[in-house]
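One letter stands for each residue in the lines below.
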Amino acid sequence: MAGNLKYKFSGHQTFVFRYGWLEKGVRGVDQDPALFSADDALVRLGVGKNMVDSIRHWCQVTQLVELDPEVKGNTGRYLRVTDIGRRLLLDGGWDEFLEDDASLWLIHWLLVSNPEIGTAWKLLFSRFLRPDFTRRELVEFLTHFVEKQSLKLSESVIARDADCLIRSYAAGTNGKKQANPEETFDCPLLQLDLIQPSPDGELYRFAIGPKPTLPAAVFAYAFCEYFDRTAGSSNTQHVQNCLYGEGSPGQAFKLDENSLVEYVEKLETLTGQSLAVNESAGVKMIYRRRQIDKLQILDDYYRGSRNG
């Protein structure tokens, strides 16, 4: 992981982000960079104090807002909307109300690939290679990482992170979802069905394989970011790295090899043959012939969705 990465456990105040929270936080920061420090933030956001802190946390870890580096001596009071946050959620943006499943996949990627803030979410979707886990095993995995990094965290903080992480992606033990999710306190990421609970609620299994609701454009954005972060001066990547590598799109989206290769083959057309997949001596390689404008790919996708 990146050398400037700082790990952040807790901060969510035990709340998963709810329907409308990210949109509300991004628009609020756009109108007032000091919103979350304002005395009347509770009134303006229409939530309790802990929820104000939670909304700020989720907006930052999903890379939709950030500390404003242009404010001299900024100790965290002043935020600004990031470029991706502005393109996605502000007036005239790609998907102002997160109505397209593509936007949830994009937010999931932004959350688990954050290059500056490392969370339990990032660890689970980049370093945990098992197909299933129990709550206890997830806590042990996080605890081992915390100890290895010499981070000073209590067992209760780690346990709360594990619980919040599971609730972000897995439905209740009855496996039922509300007919109108906007009226629940569930996390929108439940719609991705990335983690599936067993009937008894003891075991959680990753849904590894094809992702019918994941558009090639969002995969392209994630793939390009991963390529840029890991390839250095090289323009080649092993398919296995993109599938199992730390921080890879294969791990983030829980794809199998066939699904990942199908996405890359779609990108050959989507990017005007800027990418290609070849196999030599049984080893599949991805070649990048030229740089790809990943934001333009997303822009084209959303514009096509609106017109379609």
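This write-up is about the structure you can find in this document. (Residues numbered from 1 in each chain as written. Predicted model: local features only at pLDDT ≥ 70, side-chain atom pairs only at ≥ 80, totals over all residues. Heavy atoms only, no water.)

Some details on helix 3 (residues 49-61)
Alright, step 1. Helix length check: helix 3 (13 residues) gives 19 Å between terminal C-alpha atoms against 18 Å at 1.5 Å per residue, within 8%.
Alright, step 2. Extensive coverage of helix 3 is indicated by the burial of 10 of its 13 residues.
Alright, step 3. Those residues of helix 3 that fall on the buried side of the exposure criterion are M51, V52, S54, I55, R56, H57, W58, C59, Q60 and V61.
Alright, step 4. At the exit of helix 3 stands Q63, carrying a positive phi of roughly 65°. (Helix = DSSP H or I, 4+ residues; strand = E, 2+ residues; numbered from the N terminus. Expected span 1.5 Å × (residues − 1). Buried < 20%, exposed > 50% of the residue type's maximum accessible area, 1.4 Å probe, protein only.)

Considering the sheet that holds strand 10 (residues 283-288)
Sheet strands pair via backbone hydrogen bonds, and the direction of the pair is either parallel or antiparallel.
Alright, step 1. One open sheet holds the three strands; their spatial order is 8-10-9, and the pairing between them is antiparallel. The sheet terminates laterally at strand 8 (236-238) and strand 9 (275-280), the two strands that pair on one side only. Neighbour to neighbour, the strand axes of the sheet diverge by 30° on average, direction disregarded.
Alright, step 2. Where strand 9 lies against strand 10, six bridges are found, and the strand directions are antiparallel. Paired with N278 across the two strands is M285, which belongs to strand 10.
Alright, step 3. The strands touched by helix 12 (residues 257-270) are strand 9 and strand 10; relative to strand 9, the strand with the most contacts, the crossing angle is about 130°. (Pairing = 2+ DSSP bridges. Axes fitted to C-alpha atoms, helices over the stretch in contact; angles between N-to-C directions. Contact = heavy atoms within 4.5 Å.)

Remarks on the side chain of Q237
Alright, step 1. Considering the arrangement of structural elements, one finds Q237 in strand 8.
Alright, step 2. Look at Q237 and you get buried, because its relative accessible area is 6%.
Alright, step 3. A polar contact of 2.6 Å, which involves the side chain of Q237, links it to the side chain of T230.
Alright, step 4. When near neighbours in sequence (up to four residues on either side) are disregarded, Q237 contacts Y226, F227, T230, A231, C242, K284, M285 and I286. (Polar contact = N/O pair within 3.5 Å; in protein donor to acceptor, adjacent residues only side chain to side chain.)

Quick notes on unusual backbone geometry
One can expect most non-glycine residues to show negative phi and most peptide bonds to be in trans.
Alright, step 1. The residue S150 is not glycine, and still its phi comes out positive at about 60°.
Alright, step 2. For S150, the position within the fold is in the loop between helix 7 (135-148) and helix 8 (155-169).
Alright, step 3. Owing to a relative accessible area of 60%, S150 belongs among the exposed residues under this scheme.
Alright, step 4. Non-glycine residue Q273 carries a positive phi angle of around 65°.

Brief notes about the packing of helix 7 against helix 8
A pair of packed helices can be characterised by two numbers: the angle between their axes and the separation between those axes.
Alright, step 1. Close contact between helix 7 and helix 8 brings their axes to 9 Å; oriented N to C, the two are set at 130°. Taken as axis vectors, helix 7 and helix 8 run oblique relative to one another. Here helix 7 and helix 8 pass one another in a crossing that is right-handed. From helix 7, R135, L138, V139, L142, T143 and V146 reach across to helix 8, where they touch I158, A159, A162, D163, L165 and I166.
Alright, step 2. Classifying every residue of the contact of helix 7 with helix 8 gives nine nonpolar, one polar and two charged. (Parallel < 35°, antiparallel > 145°, perpendicular 65-115°, else oblique. Left-handed = near helix turned anticlockwise from the far one by under 90°. Nonpolar A, V, L, I, M, F, W, Y, C, P; charged D, E, K, R; others polar.)

Concerning the sheet that holds strand 6 (residues 195-197)
Alright, step 1. With respect to topology, three strands assemble into an open sheet ordered 5-7-6, the strand pairing being antiparallel. Edge positions in the open sheet fall to strand 5 (132-134) and strand 6, since each of these has one partner strand only. In this sheet, adjacent strand axes meet at a mean angle of 25° when their direction is disregarded.
Alright, step 2. Running over the sheet, helix 7 touches strand 5 and strand 7 (203-206) and is turned about 95° from strand 5.

That is the geometry; function is a separate question.
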